[in-house]
Amino acid sequence: MDVTGFRALLTPEGQRLLARLPAYDEASALGLGERLRREGFEPDLVAAALTQSRLRARGRGKLGPLADRLYLTADGLEQATRPAVAARRTARFAAVGAQVVADLCCGVGGDLPALAAAAPRVLAVDRDPLTAEVARANLGVLGLADRVEVRCADVTQVDLAGVQAAFVDPARRGHRGRTFDPAAYSPPFSFVLDLAARCPATGAKLAPGIPHAVLPAGAEAEWVSVGGDVVECALWFGPLAGPARRRATLLPAGATLTGDGDAAAPAGPVRRFLYEPDGAVIRAGLVAEAAALVDGTLLDPTIAYVTSERLEHTPFLTAYEITDVL
């Protein structure tokens, strides 16, 4: 789908077609498309409408009911932030009282509703024309068009005069698929550091597997899991950063564990209970801090399983009773 094809969806005919579509069903999509074309709808419009229906159905697990209102692209859905994560993250921007916030690499606008609730003005930037067009349409759907300006531009070249805080979400996929090298992000991780130097109140969404060695001193790294799935590492600079170097945050509960990431838990013999840390705790390097909550030791220095004589209920560790050691 290109910009012209997407704009066709916004016309009265496109809206009428979208409203007619039943709940998406892969098995009946082909037959539905043929029927709609026989009824006189343009083939390209039918294809665009069915694509939206399919993406919205896929997006419900990630975006909840909001997915049925938004316009999506495949890449935009892949990179979109879950509403609970966006709300949690944006609370930091609200706390510093920024009047103008920039959302760089804004995608289809998953973070924009939360950012617009935290600041009177938001500048949203994405270099892909279709993505920027979709973001504008979503702002209209959400009633935020008067508070957010969308620019189609390269974020490394955009003028940030007047911007008091910034959020950047570099693309971590290329033509060969997902990249794990921060230097291969688009824009690269070096741009994140440069942005933080120019705009101290900066936050960045990074891959959960980012190497600890590349994280700068003075910034706070926060690994976030949702329902046990680690979804991102947020890097906070300047007034957006807290006193901790490392943080693991578990949603939807909002439980958070902090530390410097340097501590190492001792290993010991198998005891009555086995604990498995949440993935965010492991990624953040806070297994020692979690083990201390249950007076635990590691089963082995090279793995993150904790064992203890005590049964403690904590969101950071899942407990199992050991019945046999074989």
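Values in this document were obtained by computation on a predicted structure and should not be read as measured data.

K.L.:
Just checking my understanding: could you explain the pairing of strand 9 (residues 229–236) for this structure?
P.N.:
As paired elements, strand 7 (residues 202–206) and strand 9 share four bridges and run antiparallel to each other. Its bridge partner being in strand 9, Gly203 is matched across the sheet by Trp236. Note that strand 8 (residues 220–226) and strand 9 share seven bridges and pair antiparallel. Within strand 9, the position partnered with Val226 by the bridge is Asp229. Taken together, strand 8 and the strand that follows it, strand 9, pair antiparallel across an intervening segment of two residues, in which Gly227 is found at a positive phi of about 60°.

K.L.:
How do you make sense of the nonpolar core when you look at a structure like this?
P.N.:
A general trend in soluble globular proteins is that nonpolar side chains are found buried together. Counting 50 residues, the largest nonpolar core has Leu104, Leu160, Val168, Leu206, Ile210, Trp223 and Leu235 as its most contacted members. Contacts of Leu206, omitting those with residues within four sequence positions, involve Arg172, Tyr185, Phe189, Glu232, Cys233 and Leu235.

K.L.:
Explain the side chain of Thr81 here, please?
P.N.:
Locating Thr81 in the fold gives a position in the loop between helix 5 (74–79) and helix 6 (83–96). For Thr81, the side chain forms a polar contact with the side chain of Asp111, separated by 3.0 Å. There is a polar contact of 3.3 Å between the side chain of Thr81 and the side chain of Lys205. When neighbours within four sequence positions are excluded, Thr81 is seen to be in contact with Leu63, Ala86, Arg89, Gly110, Asp111 and Lys205.

K.L.:
Can you help me understand the sheet that holds strand 8 in this one?
P.N.:
The strands making up a sheet are joined through hydrogen bonds of the backbone, oriented either antiparallel or parallel. Pairing in this open sheet of nine strands is mixed, and the strands run 3-2-1-4-7-9-8-10-11 from one edge to the other. Of all the strands in the sheet, the pair left with one neighbour each is strand 3 (148–152) and strand 11 (255–259). Each adjacent strand pair in this sheet contributes to an overall mean axis angle of 20°, direction not counted. Relative to strand 3, strand 2 (residues 121–126) is paired through five bridges, and the arrangement is parallel. Its bridge partner being in strand 3, Val125 is matched across the sheet by Arg151. Running at roughly 165° to strand 3, helix 8 (residues 129–141) makes contact with strand 2 and strand 3 of the sheet.

K.L.:
I would appreciate a short explanation of the packing of aromatic side chains in the present structure.
P.N.:
What characterises a pair of aromatic rings is the spacing of the ring centres plus the angle enclosed by the ring planes. On inspection of all chains with the given rule, the structure shows three aromatic pairs. Relative to Tyr71, the ring of Phe6 has its centre 5.4 Å away and its plane inclined at 85°; by these criteria the two rings are edge-to-face. Of this pair, Phe6 sits in helix 1 (residues 3–9) while Tyr71 sits in the loop between helix 4 (43–63) and helix 5, and the two are 65 residues apart along the sequence. Both residues of the pair, Phe6 and Tyr71, count as buried. When the ring of Phe93 is compared with that of Phe167, the centres are 6.5 Å apart and the planes differ by 90°; the resulting orientation is edge-to-face. Of this pair, Phe93 sits in helix 6 while Phe167 sits in strand 4 (residues 165–168), and the two are 74 residues apart along the sequence. The pair formed by Phe93 and Phe167 is uniform in burial state, with each residue classed as buried. Grouping aromatic residues by their ring pairs yields a cluster made of Phe93, Phe167 and Trp236. In this structure, Arg56 packs its charged tip against the face of Tyr71, placed 5.2 Å from the ring centre.

Quick notes on the rules
Residues numbered from 1 in each chain as written. Predicted model: local features only at pLDDT ≥ 70, side-chain atom pairs only at ≥ 80, totals over all residues. Heavy atoms only, no water. Pairing = 2+ DSSP bridges. Helix = DSSP H or I, 4+ residues; strand = E, 2+ residues; numbered from the N terminus. Core = buried A, V, L, I, M, F, W, Y, C linked by side-chain atoms within 4.5 Å. Buried < 20%, exposed > 50% of the residue type's maximum accessible area, 1.4 Å probe, protein only. Contact = heavy atoms within 4.5 Å. Polar contact = N/O pair within 3.5 Å; in protein donor to acceptor, adjacent residues only side chain to side chain. Axes fitted to C-alpha atoms, helices over the stretch in contact; angles between N-to-C directions. Phe/Tyr/Trp six-rings, centres within 6.5 Å; stacked < 30°, edge-to-face > 60°. Lys NZ or Arg CZ within 6 Å of the ring centre and 35° of its normal.

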